[in-house]
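What the coordinates show
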Amino acid sequence: MPNQLYIIENLAILIPMAHLDAKRWNRRYQKYGLTRLTHPPRQLLTDYLPQLPQHGLALDVAAGVGVNSLLLAQHGLQVIATDISTVALTLAQQQAQKHNLPLQLVQLDLAQATFPPHSFDLIINFYYLERSLFPIYRQALKPGGWLIMETFVKPEHATERPVHYLHPHELHHAFQSMQIVHSKLLTRLSRNEKEPIEQLVARKYAE
Ligand SMILES: C[S@@+](CC[C@H](N)C(=O)[O-])C[C@H]1O[C@@H](n2cnc3c(N)ncnc32)[C@H](O)[C@@H]1O
C-alpha cells in the first residue's frame, strides 16, 4: 500500500527503522551529515531561483540535510522536505531552527509514495531516482508549477545497477508533456571522476 503524506508538527515518522534504505542512509548521514550541511545548494536551483515563485508550496524530494529546502524557505516558499533518513531530517530541522526558517519534515519511503494532485508550485528532485514518481510529479504540480530535477546518467562502462542511472535524455522524454524550460546532459567533476548527469527544468502547462 502506498505511503500517504502525514505531517505531524515538524517531523512525521512513518517508516519502520528496519527499512534497509533508512538504515543505510542513516549510517551515511551519521558519518558525513555535518559535512553535507556545509555544501552549497545545487547550482541549478540557485540559477533558477530568481524565476521561481516566492509564495506557495514546494516539495523537496529526497531532501537529505535540507540545504536546498532551506534556500527555498528563505525565498518565501512553504517547503515540505521528504527523505527516508531521520538522521538527515533531524539535521535539516536543526538548521531550520538555527536560521529561524519554517520547514515541514516528512519521513517517507519515496519508492511507495503518493502526493495529492494539483498541490505544489514547485517540486525539486536532486540525486534521487525513483521512476514511479514521474507521473505523480506531473499530477501533483499545480498548473504553471515548476519541476527541477538533476541526477546521474549511466556512464558508458558503469558496473553499478543501471536502475540508479538515467538513460541519456530520459528526463526530457519523461516530461515532454510539460513546457521544457531547460534540458541538458553534462558532465560534472567529482573527486577527479567525470560523472554524466541530466538536468531538467520544466513547467506544467496551465489547464
Ligand atoms: C544523494 S542524496 C541527495 C540529497 C539531496 N537531494 C541533495 O541534492 O543533496 C539521496 C537521498 O535520497 C534519500 N533516499 C534514499 N532512498 C530513499 C527512499 N526510499 N525514500 C526516501 N528517500 C530516500 C537518502 O536518504 C538521501 O538523503
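Residues numbered from 1 in each chain as written. Predicted model: local features only at pLDDT ≥ 70, side-chain atom pairs only at ≥ 80, totals over all residues.

1. Observations concerning the site of the ligand
Defined as follows: Throughout this description, a residue near a molecule or strand is one whose C-beta atom, derived from the backbone, lies within 6 Å of it. All residues other than Ala, Val, Leu, Ile, Met, Phe, Trp, Tyr, Cys, Pro, Asp, Glu, Lys and Arg, Gly among them, are scored as polar; the first ten of these are nonpolar and the last four charged.
Neighbouring the ligand are 18 residues, the closest being Trp25, Ala62, Gly64, Ile84 and Phe126. By residue class, the composition of the shell around the ligand is eleven nonpolar, three polar and four charged.

2. Observations regarding the packing of helix α1 (residues 20-37) against helix α4 (residues 86-98)
Geometry of a packed helix pair, given as the angle between the helix axes and the separation of the axes. Definition in use: Note on definitions: angles span 0 to 180 degrees between N-to-C directions of axes, and those axes are lines fitted to C-alpha atoms, for helices only across the stretch in contact. Strands here mean DSSP runs of E at least two residues long; helices mean DSSP runs of H or I at least four residues long; both are numbered from the N terminus. Angle categories are assigned with fixed cut-offs, so that under 35 degrees is roughly parallel, over 145 is roughly antiparallel, 65 to 115 is roughly perpendicular, and the rest are oblique. With C-beta atoms placed from the backbone, a contact is any residue pair whose C-beta atoms sit within 7 Å.
Axis separation between α1 and α4 bottoms out at 8 Å; the angle between their running directions is 30 degrees. Classified by the angle their axes make, α1 and α4 are roughly parallel. Residue-level inspection shows Trp25, Asn26, Tyr29, Gln30, Gly33 and Leu37 of α1 in contact with α4, the latter providing Thr86, Val87, Ala88, Leu91 and Gln95. In terms of residue class, the contact of α1 with α4 is made up of six nonpolar, five polar and no charged.

3. Quick word on helix α3 (residues 67-75)
Heads up, the rule is: Counting other C-beta atoms within 10 Å of a residue's own tells you its class, since 20 or more makes it buried, 12 or fewer makes it exposed, and anything in between is partly exposed; those C-beta atoms are placed from the backbone.
Taking burial as the measure, the nine residues of α3 include seven buried ones, the bulk of the element. Among the residues of α3, Val67, Asn68, Ser69, Leu70, Leu71, Leu72 and Ala73 are the ones counted as buried. Where α3 is buried, its residues contact α1, α2 (43-48), β2 (57-61), β3 (78-83), α4 and β5 (120-126).

4. Topic: the confidence of the model for the chain
Put simply, the test is: Each residue gets a pLDDT score, which is the predictor's confidence in that residue and runs from 0 to 100.
Of the residues in the chain, 90% have a pLDDT of 70 or more, and the chain-wide mean is 90. Contacts from residues 1-13, a stretch scored under 50 in pLDDT, to residues over four places away or in other chains number 26 contacts.

5. Here we look at the nonpolar core
Which entries qualify depends on this criterion: What makes a nonpolar core is a set of buried Ala, Val, Leu, Ile, Met, Phe, Trp, Tyr and Cys residues, with links drawn between C-beta atoms within 7 Å.
Ranked by size, the top nonpolar core spans 50 residues in total, and within it Ala92, Ile123 and Leu147 carry the most contacts. With residues up to four places along the chain from it excluded, the contact list for isoleucine 123 reads Leu59, Val61, Tyr137, Ala140, Leu141 and Leu147.

6. Considering unusual backbone geometry
One non-glycine residue, tyrosine 127, adopts positive backbone phi at about 60 degrees. Within the secondary structure, tyrosine 127 is located in the loop between β5 and α5 (133-140). Given 13 C-beta atoms within 10 Å, tyrosine 127 falls into the partly exposed group. With a phi close to 65 degrees, histidine 169 is a non-glycine residue in the positive phi region. Inspection of the secondary structure assignment puts histidine 169 in the loop between β6 (141-152) and α6 (170-174).

7. A look at the environment of proline 143
Mapped onto the secondary structure, proline 143 falls in strand β6. The class for proline 143 is exposed, based on 10 C-beta atoms found within 10 Å. In sequence terms proline 143 and serine 119 are 24 residues apart; their C-alpha atoms lie 9.4 Å from each other.

8. A short note on the pairing of β2
This is how it is decided: Think of it this way: DSSP has to see at least two bridges between two strands before they count as a pair. A crossover counts as right-handed when, viewed with the strands pointing away from the observer, the path leading from the first strand over the helix to the second turns clockwise.
Burial runs high along β2: four of the five residues are buried. Taken together, the four bridges between β2 and β3 define a ladder with parallel strand orientation. Counterpart to aspartate 60 in the pairing with β3 is alanine 81. On the question of chirality, the crossover connecting β2 to the parallel β3 by way of α3 is right-handed. In this structure, β2 lies alongside β5, joined through four bridges in parallel fashion.

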